[in-house]
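# What the coordinates show
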Amino acid sequence: MNINPIDSEGKSSWDNIILPNIPDLQGIQTYIANGGYEAFKNALEMKPEAVTDEVKKSNLRGRGGACFPTGLKWTFMPKQTTKVKYLCVNGDESEPGTFKDRQIFESNPHLMIEGTLIACYAMGINTAYIYIRGEYGRWINIVEKALAEAYEKGFVGEKILGKDFSTNIYVHKGAGAYICGEESALMNSIEGERGYPRIKPPFPAQYGLWGCPTTINNVETICNVPLIIKNGWEWYSKIGAPKHPGPILVGVSGHVNKPGVYEMPTGVPLLEIIYKWAGGVPGNKGIKAVIPGGSSTMVVRGDQLEGVKMDADSMKAAGSAVGTAGLIVMDEDTDLIKVLARIAKFYYHESCGQCTPCREGTGWLWKTLKRFEKHEGRLQDIELLMDIANNIEGNTICALGDAAAWPIQAMIRRFREEFEKRVSPKEARVPASAVA
Amino acid sequence: MLNESNKQKLEELKKRYPTLQALVLPVLWMVQEQEGYISEESMKYVATILNVPYGHILGVVTFYTMYHAKPMGKYHIEVCTNVSCLLRGCDKIVGHLENKLGMRMGETSKDKKWTISEVECMGSCGTAPMFAVGEEYYENLTPQKVDEILDKLR
Ligand SMILES: Cc1cc2nc3c(=O)[nH]c(=O)nc-3n(C[C@H](O)[C@H](O)[C@H](O)COP(=O)(O)O)c2cc1C
Ligand code: SF4
Ligand code: FES
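Keep in mind that this is a model prediction, so the values were computed, not measured.

## Considerations on the side chain of Thr115(B)
All names here are of chain B. With respect to the helices and strands, Thr115 occurs in strand E2 (residues 114-119). Using a relative accessible area of 2% as the deciding quantity, one classes Thr115 as buried. In terms of polar contacts, Thr115 uses its side chain to reach the side chain of Thr108, at 2.9 Å.

## Remarks on the packing of helix H14 (residues 356-373) of chain A against helix H16 (residues 400-414) of chain A
All names here are of chain A. At a minimum axis distance of 10 Å, the contact between H14 and H16 shows a crossing angle of 25°. It follows from the interaxial angle that H14 and H16 lie roughly parallel. For H14 against H16, the interelement crossing comes out left-handed. Contact residues: Cys358, Thr362, Leu365 and Leu369 in H14; Leu400, Gly401, Ala404 and Ile408 in H16. For the contact of H14 with H16, the class distribution of residues is 6 nonpolar, 2 polar and no charged.

## Things to note about helix H3 (residues 48-58) of chain A
Residues and elements named next belong to chain A. Along H3, the positions that sit buried rather than exposed are Val51, Thr52, Glu54, Val55 and Ser58. Down the axis, H3 shows its buried residues gathered within 155° of arc, on one side only. In the core, the buried residues of H3 are packed alongside helix H2 (38-45), helix H4 (70-75), helix H6 (109-123), helix H9 (219-231), helix H10 (233-237) and strand E6 (244-245). One or two positions beyond H3, positive phi appears at Asn59, with a value near 65°.

## Focus on the sheet that holds strand E2 (residues 127-132) of chain A
All names here are of chain A. Judged by pairing direction, the sheet is parallel, and its 4 strands sit side by side in the order E3-E2-E1-E4 without closing on themselves. Two strands bound the open sheet, and with one partner strand each, they are strand E3 (168-173) and strand E4 (214-218). Neighbour to neighbour, the strand axes of the sheet diverge by 20° on average, direction disregarded. Relative to E3, E2 is paired through 6 bridges, and the arrangement is parallel. Bridging from a neighbouring strand, Ile130 pairs with Val171 of E3.

## As for the packing of aromatic side chains
Evaluated as defined, the whole model comprises 25 aromatic pairs over all chains. Between Tyr31(A) and Tyr37(A), the ring centres sit 5.2 Å apart and the planes meet at 80°, which makes this aromatic pair edge-to-face. In this structure, Tyr31(A) and Tyr37(A) share a single accessibility class: buried. Where Phe372(A) meets Phe419(A), the ring centres are 5.6 Å apart and the plane angle is 85°; that geometry is what we call edge-to-face. In this pair, Phe372(A) sits in helix H14 while Phe419(A) sits in helix H17 (residues 416-421), placing the two residues 47 residues apart along the sequence. Like Phe419(A), Phe372(A) is buried. A network of ring pairs unites the aromatic residues Tyr86(A), Tyr129(A), Tyr170(A), Trp210(A) and Tyr17(B) as a single cluster. Taking NZ or CZ as reference, Arg301(A) lies 4.7 Å from the ring centre of Phe415(A), over its face. A cation sits over an aromatic face here: Lys44(B) above Tyr54(B), 5.6 Å from the ring centre.

## Examining the environment of Gly154(A)
Residues and elements named next belong to chain A. Along the chain, Gly154 falls in the loop between helix H7 (137-152) and E3. Under the relative-accessibility criterion, Gly154 is labelled partly exposed at 25%. Excluding residues that lie within four positions of it along the chain, Gly154 makes contacts with Ile160 and Leu161.

Thresholds, definitions, all that
- Residues numbered from 1 in each chain as written.
- Chains lettered and ligands numbered in written order.
- Predicted model: local features only at pLDDT ≥ 70, side-chain atom pairs only at ≥ 80, totals over all residues.
- Heavy atoms only, no water.
- Helix = DSSP H or I, 4+ residues; strand = E, 2+ residues; numbered from the N terminus.
- Buried < 20%, exposed > 50% of the residue type's maximum accessible area, 1.4 Å probe, protein only.
- Polar contact = N/O pair within 3.5 Å; in protein donor to acceptor, adjacent residues only side chain to side chain.
- Axes fitted to C-alpha atoms, helices over the stretch in contact; angles between N-to-C directions.
- Parallel < 35°, antiparallel > 145°, perpendicular 65-115°, else oblique.
- Left-handed = near helix turned anticlockwise from the far one by under 90°.
- Contact = heavy atoms within 4.5 Å.
- Nonpolar A, V, L, I, M, F, W, Y, C, P; charged D, E, K, R; others polar.
- Arc of directions from axis to C-beta.
- Pairing = 2+ DSSP bridges.
- Phe/Tyr/Trp six-rings, centres within 6.5 Å; stacked < 30°, edge-to-face > 60°.
- Lys NZ or Arg CZ within 6 Å of the ring centre and 35° of its normal.

So far we have only geometry, and geometry alone does not tell us how the molecule works.
See below:
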């Protein structure tokens with residue numbers, strides 16, 4: 001593996017706009033002193049449809065994993081309806097390798113609140129729930145405090161700023177379940193149910209919380225909204241990759257010298273992220289592989305990273321996805337089978353059990369991978385793993401099944417030799433056909 | 001039984017949701033904060049005040065990993081062993097904890113002081129390895145740091 005560090009010292013020329021380097025920004029005074037809630041005030045002077053239009057033209061795409069166009073999603077909400085409408089801000093953040101929304105809660109909660117307000121105004125919503133994973137108790141307190149401040153200043157509540165617009169925002173605390181990040185499971189969880197995903201259609205914009213039209217957006221997605229309204233869609237759409245523009249929070253973890261959350265424009269080469277932002281690999285080791293966007297995204301080989309960038313198109317071309325932009329770096333000495341087995345265990349543990357392929361398949365995947373981990377794999381087990389994964393993919397109610405299958409499929413396709421090395425010597429001598 | 005301040009809190013929370021059932025998670029949190037765990041008796045109580053079947057409450061408690069139907073140790077140490085933590089040596093932290101406390105992952109000590117368990121990604125991947133004790137996160141752990149934390153808690 002021969003990778004030349006681009007610039008191990010270089011500092012980024014990017015000035016943070018989601019996580020600006022301003023002390024005490026989580027306090028409303030500081031936030032307002034730095035132009036906070038101006039975008040919301042601007043929005044209130046616009047027609048709601050014009051706000052949605054602005055977001056649509058900006059090309060903002062969701063930061064929750066699927067890169068779905070946000071403005072388009074908002075237009076799915078019915079305009080003429082007698083039903084109550086809801087917004088859910090998704091802060092369940094439980095995808096392994098993802099730790100960016102936590103940074104927003106911690107250092108810029110008012111940006112999220114302001115974005116929530118604008119989204120509510122644009123879609124004619126009067127109630128929003130911010131769903132935060134239960135483990136984030138400390139960060140829930142920070143958000144609750146910020147919300148209380150916003151209520152006190154009259155930005156949230158009834159007849160906001162004297163206008164004919166009212167919105168309440170509430171925090172809903174999760175209780176430990178990755179699946180509750182899936183939008184329909186999240187709604188069930190708010191309703192006081194177990195976090196079981198719902199069969200779609202109907203989609204949330206038609207039949208969401210309590211059967212009412214609902215939009216679900218990720219925390220970071222929502223934080224982009226005030227920036228768009230404040231600076232205009234043209235400004236925003238010129239940041240980073242044209243088809244997937246804007247600032248993006250990349251969480252770098254694993255084998256790097258400076259792990260952390262880095263804000264940058266979309267479209268930065270992964271190698272630059274690893275070497276320029278995250279300080280390179282400890283001991284100057286080579287990179288064996290990266291998982292670019294949280295545990296569900298497909299592994300990319302270290303020797304195929306050249307030119308791969310952190311935006312939807314580039315990641316797709318590389319056979320992976322941006323996901324949550326949780327970039328996990330693995331050096332040349334990493335035991336990839338052990339890593340994969342741990343990922344498989346995660347999905348097995350988090351499967352809600354509604355669909356047989358997911359419930360059973362994730363367990364088989366994990367057990368089979370454990371055999372490889374202990375150097376007790378059988379040659380035909382490689383095909384078996386692929387088979388199980390293929391049978392889960394596309395055959396389940398929600399995308400957790402796919403998320404469990406993709407890492408396996410990609411690892412086998414891209415690192416078959418790692419599996420072959422772990423076939424038990426006893427098994428390897430026997431032709432595969434004879435052992436079945 | 002909810003204490004007075006939680007009863008008040010419950011009345012406030014009722015304004016936030018159109019159904020009583022939506023209060024299941026928030027009320028279970030209150031009970032657990034009060035009692036340390038959620039007993040069968042508490043579940044029946046929650047079922048009554050929220051007007052949902054007991055079976056529903058039981059289903060919710062067993063579904064979510066953060067609700068405990070049994071008492072846990074006074075200090076519940078939850079070690080993340082997911083990928084990013086694995087890459088940064090959580091195995092060492094697990095081993096060290098097990099040795100220091102003389103117990104295995106998933107166990108509660110006889111004196112009910114400690115429970116140690118393995119958990120999934122906690123959102124501390126950039127400060128791995130980590131464990132949480134209650135709401136407190138301890139990050140960038142080393143065996144020495146673990147010793148200091150244990151000494152402080154003891
Ligand atoms: C198993 C599973 C877990 C998910 N977890 C999260 C999560 O923790 N946070 C999140 O924002 N989206 C998560 N999603 C994606 C959501 O379903 C939804 O697409 C997203 O919140 C939409 O927001 P966006 O359009 O702003 O990206 C998850 C999806 C699946 C299938
Ligand atoms: S795919 Fe898995 S997690 Fe999703 S609904 Fe089916 S069993 Fe549950
Ligand atoms: S993998 Fe351990 S905190 Fe994320």
